[in-house]
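Fold and contact review
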Amino acid sequence: MAKLRMGMIGGGERSFIGAVHRIAAELDGQIELVGGAFSSDPDRSRRSGESLYGLTPERCYGSFDELLTSETSRVADERMHFVVVATPNNVHYAHAKAALEAGFHVMSDKPMTYSLDEALDLRDTVARTKKVFGLTHNYTGYPMIKEARHLVRGGAFGNVRRVNIEYIQGWLATAEETGGNKQAEWRTDPARSGAAGCIGDIGTHGENLAEYVTGLRIESLCADLTTFVPGRRLDDDGNVLLRFEGGAKGVLSASQIAVGVENGLTLRIYGEIGGLEWSQMEPNSLIVRWPDRPFEVRRTGAAGVSPPSIEASRIPAGHPEGFLEAFALLYRNFASAVHDAELGKEINSEDYDFPSVNDGVRGMQFIETVVASSNQGATWLEFPKAS
């Protein structure tokens, strides 16, 4: 097939994630951005489409409704195949649902929706429309995360005993939302972000990564959320005790007030006979520990790593691959699913190794359970079973 045609909602001027989506989607030559509604402000949207993305004026739309109406009316070999939802959390659901029902596949930012009820309805919509839905938990795309998953799920360490996830940042250590920082404004606004701040923004990445690598589902949790910055309306720091199926225990720490820390995502998993450690700040290395010999450092693309890790790499060992390449892997796998769907094949997103609508539901279950636990004085609560 020719390149898939992508539309975008959000991602206009002053957006960080819009450019990331565009670069990641186009990195493997399977996708091209053809149009979008890049802002809720019509003039800014059209200006963004032309100046940021170099699109023709007729496909720089002033609103989401205009985007859907115009793209739906185009002939099949011009119409976009899928749309990217890169907007604040409170409008993810409406945009994704409308796009699916209009016949377009969807790739969405996380968390998937504003509430769990919306997430459950969106899952039903995906099933009903039979369209492909992807979610940008991009850290699952790193080659060394594929290696970690291969080792843990393959039983290299025996039964998992302990899972530690830490995701700490420092960019919200002061009241950035009061100084014109657009990204801080909506992330700290309950009307746009949802029930959680830090735990929804980055804590969900930790939850997703833990379950993705181990294959274990969280069964119950105990959470303590804090808002340290005076006047802030959502949490900016949180600690969660986790109990996984099979008896493993874990700790998830998320913070956006860790002064001076850039993007400190780390994962540590320990089993009966070994363990591993990975850090997003040094993503091309995976430390593997054994009880009876020196630790190993496995490297992206190097000899001896697993086929899933090799398949996730694009360039020879020693050439660093990072955030954009990991993000692009999600798009590469998503594109394979969309290509097959367009050929009339029955699609099960789980077969293509990218986060799906089911992961989005898990994320919203995590947020709501964490918030409820914290509000009840750090009470242990059951995590809803996958369904």
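Quick caveat: nothing in here was measured; it's all calculated off a predicted structure. (Residues numbered from 1 in each chain as written. Predicted model: local features only at pLDDT ≥ 70, side-chain atom pairs only at ≥ 80, totals over all residues. Heavy atoms only, no water.)

1. Examining the packing of aromatic side chains
The geometry of an aromatic ring pair comes down to the distance between the two centres and the angle between the two planes. One pass over the full model with this rule turns up 13 aromatic pairs. Note on Tyr139 and Tyr167: the rings are 5.8 Å apart at their centroids and 85° apart in plane angle, and the pair reads as edge-to-face. With Tyr139 in the loop between β5 (133-135) and α6 (143-153) and Tyr167 in strand β6 (residues 160-168), this pair connects stretches of sequence that are 28 residues apart. Relative accessible area serves as the criterion here: at 3%, Tyr167 is assigned to the buried category. Feature note: the residues Phe16, Phe82, Tyr139, Tyr142, Tyr167, Trp278, Phe323, Phe327, Tyr331, Phe334 and Phe354 constitute an aromatic cluster, connected by ring pairs. Stacked on the ring of Tyr212, the Lys or Arg Arg149 has its end atom at 4.2 Å from the ring centre. In this structure, Arg289 packs its charged tip against the face of Phe295, placed 5.0 Å from the ring centre. (Phe/Tyr/Trp six-rings, centres within 6.5 Å; stacked < 30°, edge-to-face > 60°. Helix = DSSP H or I, 4+ residues; strand = E, 2+ residues; numbered from the N terminus. Buried < 20%, exposed > 50% of the residue type's maximum accessible area, 1.4 Å probe, protein only. Lys NZ or Arg CZ within 6 Å of the ring centre and 35° of its normal.)

2. A closer look at the environment of Arg299
By the element assignment, Arg299 lies in strand β13 (residues 296-299). Given the relative accessible area of 32%, Arg299 is considered partly exposed. Taking the C-alpha atoms as reference, Arg299 lies 9.6 Å from Ser309; in sequence the two are ten residues apart. Those residues in contact with Arg299 that lie beyond four places of it in its chain are Met144, Glu282, Asn284, Ser285 and Val305. (Contact = heavy atoms within 4.5 Å.)

3. Quick look at the environment of Tyr61
By secondary structure assignment, the location of Tyr61 is in the loop between α2 (42-51) and α3 (64-73). Sequence-wise, Tyr61 and Phe38 are 23 residues apart; in three dimensions their C-alpha atoms are separated by 7.7 Å. Every residue in contact with Tyr61, bar those within four places of it in the chain, is listed here: Gly36, Ala37, Ser45, Arg46, Glu66, Leu67, Ser70, Glu71 and Arg74.

4. Looking at the nonpolar core
The biggest cluster of nonpolar side chains holds 72 residues, and the ones touching the most others in it are Phe133, Ile199, Leu242 and Phe366. Apart from residues lying up to four places away in sequence, Phe366 is in contact with Ile199, Gly203, Thr204, Glu207, Ile218, Leu221, Leu242, Leu252 and Phe383. Ranked by size, the runner-up nonpolar core spans 28 residues in total, among them Met8, Leu33, Phe334 and Ala337. (Core = buried A, V, L, I, M, F, W, Y, C linked by side-chain atoms within 4.5 Å.)

5. Overview of the pairing of β6
Relative to strand β10 (residues 264-271), β6 runs antiparallel, the two sharing eight bridges. Paired with Val163 across the bridge in β10 is Ile269. Two elements, β6 and strand β9 (residues 249-255), share seven bridges in a ladder whose sense is parallel. Residue pairing across strands places Ile165 opposite Leu252, the latter belonging to β9. (Pairing = 2+ DSSP bridges.)

6. Overview of the sheet that holds strand β11 (residues 275-279)
Pairing within the open sheet is mixed, and its nine strands lie in the order β13-β12-β11-β10-β6-β9-β8-β7-β14. Each end of this open sheet is capped by a strand with a single partner; those strands are β13 and β14 (381-382). Two elements, strand β7 (residues 218-226) and strand β8 (residues 237-244), share eight bridges in a ladder whose sense is antiparallel. Bridging from a neighbouring strand, Thr226 pairs with Asp237 of β8. Running at roughly 25° to strand β12 (residues 285-289), α6 makes contact with β6, β10, β11, β12 and β13 of the sheet. Sheet strands touched by helix α9 (residues 198-214): β6, β7, β8, β9, β10 and β11. Its angle to β9, the strand with the most contacts, is close to 150°. (Axes fitted to C-alpha atoms, helices over the stretch in contact; angles between N-to-C directions.)

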